[in-house]
Amino acid sequence: MPPPSCSFPTGTHLRYALLLAVLGYLVYFLYSGISQDPAASNVVFLCDTNDAQEMVSCLGLDDAATCSSFRDANGNVAACIESSCGYKLFDHIDISIAGSSDPFSEDGATSTTAFLAVMSVLYSLVPYAVAFVYLVTFLLSGSLVPFIRLVVFGFIAVLNEGIFKQLVKQNRPVGSCLYFQSFGMPSGHAETSIGLLTYILLEMFVYHPNILCGLTCQKEQQALEYSFELGYGWIRSNNVGGSVGNEQLLEEAVGIDVHENDDRGTSERNNSSSPTVENHSQSSSSKWFCHWCALVYTILFLPVPFSRVYLHDHYRNQVLIGSCIGVGVSALCYLGLMRGLGLRGKLIKFSSGEWGIWWGIEAGWGLGIL
C-alpha cells in the first residue's frame, strides 16, 4: 500500500509533532520533579524492626497502624521511621540519593555531597540521557542509526523489566531507596549501558581484519580494502582486486553502495535500487578514529554498573549478571540480526522506498552525533 499522496501532513511532520510532545513531557517531568520537596515525596519510610530480614514499608512518621504488629530491637511496638537511604531522585527514575548500608541507622548512610556519590548519581543517569538523545536525534533528523541503537536499548530494557526481573524476583539491597519499588536482579542499568557499549564496540571493530590490535597495525593494502560506515560498521570495498560479484553481494547483504574510492561527497536521496549512506565513512587508514570513539563510549558507559553498587541500589552479582546479559543480547542483535540476517540492509533499503521517503527516514547519522 502506497503512502498518502497529500503534501501535508507527512510522516516528517508527524515526527516533528512527536518531538514537540517528547520535549514538552520532559519539561513537565523536570518541573514536577524539581518542584517537589524530596523530604515529603521521595523519602522512604519503614518500620523500625532493626531486622534486615523483616523490611516493612510504612506511609510516614505518624503512621502507627502499619507498624503496630511489629517489634523493635527493645521489644517495643515498632515506630515508622525515615530510612537512612536518603531519597529517590524522581518517580520512574530508579536512582537513590545516596543509599545506605544500614537503613535503620544514620551511621550507614552515604553522604549525598561526597564526590563519588555525586558522580555515581550522574553516571546512573547516563542510560536515561543516552536513550533520550537517541530518541530526539531520530525524531529531529529521521536518521536510522540512532533509531537502531534506541531499539536495541529498548529491547534490552523490556527483556529485563518484563521477563528477567519477574522470573528471578530478587530484592535490592536493604539500603536502597528503591527496595520497596522494584526487584534488583538483574540490574537494568548494567544491562542497557554495557549492552549498548558492546553493540557499539562490535560495530567499530568486528569484521575488521585486525580485530586484536585494531587500526593501529592496519596494513596499507588493507587500508584500501576496508572502510568504516559510521553507525553500520566495517565494509569491504572492491578497490583492490574486487569483482562485480563481490560488490553486488555486499550491496544485497548490507544495503550500501560500494564506490571506487572513499571520497563519496554529499549523499543524495534517490529512487535507485541500491540506496546510499550519508558521507560518514572513515577510511581504515584513519587509524585512531574508532579507538577514540571506543574510548569515549567506554568512559561514558563502563562506570555505570559500579555506580549502582556504590549507591546501594544493586548487589555486585546483580550488576555482573546484568552486564553479561547485556553483552549477550547486544551481540545477538548486531552479529545475528544486523549482520547475519542483513536486517540493517533491509532498513536502509526501506529508507529509500516510498514509505521511507514519506516518513523522511535517512540512512546516515543525520546530525552527526556519535
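Residues numbered from 1 in each chain as written. Predicted model: local features only at pLDDT ≥ 70, side-chain atom pairs only at ≥ 80, totals over all residues. Heavy atoms only, no water.

## Considering the overall build of the chain
Okay, so step 1: Of regular secondary structure, the chain possesses 13 helices and seven strands.
Okay, so step 2: For the chain, long-range pairs separated by at least 24 residues make up 68% of all intrachain contacts whose partners lie at least 6 apart in sequence.
Okay, so step 3: Of the roughly 18100 Å² of accessible surface on the chain, a fraction of 63% belongs to carbon and sulfur atoms. (Helix = DSSP H or I, 4+ residues; strand = E, 2+ residues; numbered from the N terminus. Contact = heavy atoms within 4.5 Å. Areas by Shrake-Rupley, 256 points an atom, 1.4 Å probe, with all protein chains shown as cover.)

## So, the side chain of D63
Okay, so step 1: In this structure, D63 sits in the loop between β1 (45-47) and β2 (80-82).
Okay, so step 2: An unpaired buried charge is present at D63: no salt bridge exists, and R71, the closest side chain of opposite charge, is 14 Å distant.
Okay, so step 3: At a separation of 3.0 Å, a polar atom in the side chain of D63 contacts the main-chain amide nitrogen of L59.
Okay, so step 4: Within the structure, D63 has its side chain in polar contact with the side chain of T66 (distance 2.6 Å).
Okay, so step 5: Dropping the residues within four chain positions of it, D63 is found in contact with C58 and C80. (Buried < 20%, exposed > 50% of the residue type's maximum accessible area, 1.4 Å probe, protein only. Lys, Arg positive; Asp, Glu negative; His and termini not counted. Salt bridge = Lys/Arg side-chain N within 4 Å of Asp/Glu carboxyl O. Polar contact = N/O pair within 3.5 Å; in protein donor to acceptor, adjacent residues only side chain to side chain.)

## Examining a nonpolar patch on the surface
Okay, so step 1: Residues W288, W292, L295 and I299 make up a contiguous nonpolar surface patch of about 480 Å² in total accessible area.
Okay, so step 2: You can see W288 is positioned in the loop between β7 (281-283) and α9 (289-301). (Patch = residues over 30% accessible without salt bridge, like charges linked within 9 Å, V, L, I, M, F, W, Y side chains within 5 Å.)

## Remarks on the state of the cysteines
Okay, so step 1: Under the defined criterion, the tally for this structure stands at three disulfides.
Okay, so step 2: Here C47 pairs with C67 through a disulfide, and the sulfurs are 2.0 Å apart. Taking the torsion about the S-S bond as the criterion, the C47 to C67 disulfide, at about -85°, is left-handed. Placement of C47 in strand β1 and of C67 in the loop between β1 and β2 is noted, with a sequence separation of 20 residues between them.
Okay, so step 3: Judged by relative accessible area, which is 0%, C47 ranks as buried.
Okay, so step 4: With relative accessibility at 0%, the residue C67 sits in the buried group.
Okay, so step 5: For C58, the disulfide goes to C80, at an S-S distance of 1.9 Å. Given an S-S torsion of about 90°, the disulfide between C58 and C80 has right-handed geometry. Residue C58 is located in the loop between β1 and β2, and its partner C80 is located in strand β2; the two are separated by 22 residues in the primary sequence.
Okay, so step 6: The exposure class of C58 is buried, given its relative accessible area of 5%.
Okay, so step 7: Of the residues examined, C80 reaches a relative accessible area of 5% and is grouped as buried. (Disulfide = S-S within 2.5 Å.)

## Side note on the packing of aromatic side chains
Okay, so step 1: One pass over the structure, following the stated rule, counts eight aromatic pairs.
Okay, so step 2: Arranged with centres 5.9 Å apart and planes meeting at 5°, the rings of Y297 and F301 form a pair that is stacked. One end of the pair is Y297 and the other is F301, both in helix α9 and four residues apart, which spans about a single turn.
Okay, so step 3: On the basis of relative accessible area, Y297 is assigned to the buried category, the value being 8%.
Okay, so step 4: Residue F301 is classed as buried on the basis of its relative accessible area, which comes to 1%.
Okay, so step 5: Among the aromatic side chains, those forming a connected cluster through ring pairs are Y25, Y28 and F29. (Phe/Tyr/Trp six-rings, centres within 6.5 Å; stacked < 30°, edge-to-face > 60°.)

## Quick notes on the pattern of salt bridges
Okay, so step 1: The tally for this structure, following the rule as stated, stands at three salt bridges.
Okay, so step 2: Residue E161 is joined to K165 by a salt bridge in which the shortest nitrogen-to-oxygen separation is 3.3 Å. Highlighted residues: E161 and K165, both in helix α5 (residues 144-168), separated by four residues, approximately one helical turn.
Okay, so step 3: With a closest N to O distance of 3.2 Å, R308 and D313 form a salt bridge.
Okay, so step 4: Its relative accessible area of 0% is what places R308 among the buried residues.

## Structural notes on the packing of helix α3 (residues 115-124) against helix α10 (residues 303-310)
Okay, so step 1: Between α3 and α10, the least distance of the axes is 8 Å, while the angle of their chain directions is 125°. In terms of their interaxial angle, α3 and α10 are classed as oblique. Crossing angle aside, the handedness with which α3 passes α10 is left-handed. Of the residues in α10, those touching α3 at L116, A117, S120, Y123 and S124 are P303, V304, S307, R308 and Y310.
Okay, so step 2: The residue inventory of the contact of α3 with α10, partitioned by class, reads six nonpolar, three polar and one charged. (Axes fitted to C-alpha atoms, helices over the stretch in contact; angles between N-to-C directions. Parallel < 35°, antiparallel > 145°, perpendicular 65-115°, else oblique. Left-handed = near helix turned anticlockwise from the far one by under 90°. Nonpolar A, V, L, I, M, F, W, Y, C, P; charged D, E, K, R; others polar.)

## Description of the nonpolar core
Okay, so step 1: Judged by nonpolar contacts, the single largest core of 20 residues is most densely connected at L196, I200, M204, Y297 and F301.
Okay, so step 2: Secondary-structure elements contributing two or more residues to this core are α4 (126-141), α6 (188-205), β5 (226-229) and α9.
Okay, so step 3: Excluding residues within four positions of it along the chain, I200 makes contact with Y134, R149, Y297 and F301. (Core = buried A, V, L, I, M, F, W, Y, C linked by side-chain atoms within 4.5 Å.)

## A closer look at the confidence of the model for the chain
Okay, so step 1: The share of residues in the chain with pLDDT of 70 or more is 76%, and the mean pLDDT across the chain is 78.
Okay, so step 2: Under a pLDDT of 50 for its full length, residues 239-280 has, in the predicted model, 93 contacts with residues more than four places off or in other chains. (pLDDT = per-residue confidence, 0-100.)

## Points about unusual backbone geometry
Okay, so step 1: Of the consecutive residues M185 and P186, the connecting peptide bond is found in the cis state with omega at -5°.
Okay, so step 2: Within the secondary structure, P186 sits in the loop between α5 and α6.
Okay, so step 3: Even without being a glycine, K169 presents a positive backbone phi close to 55°.
Okay, so step 4: Counting through the fold element by element, K169 comes out in the loop between α5 and α6.

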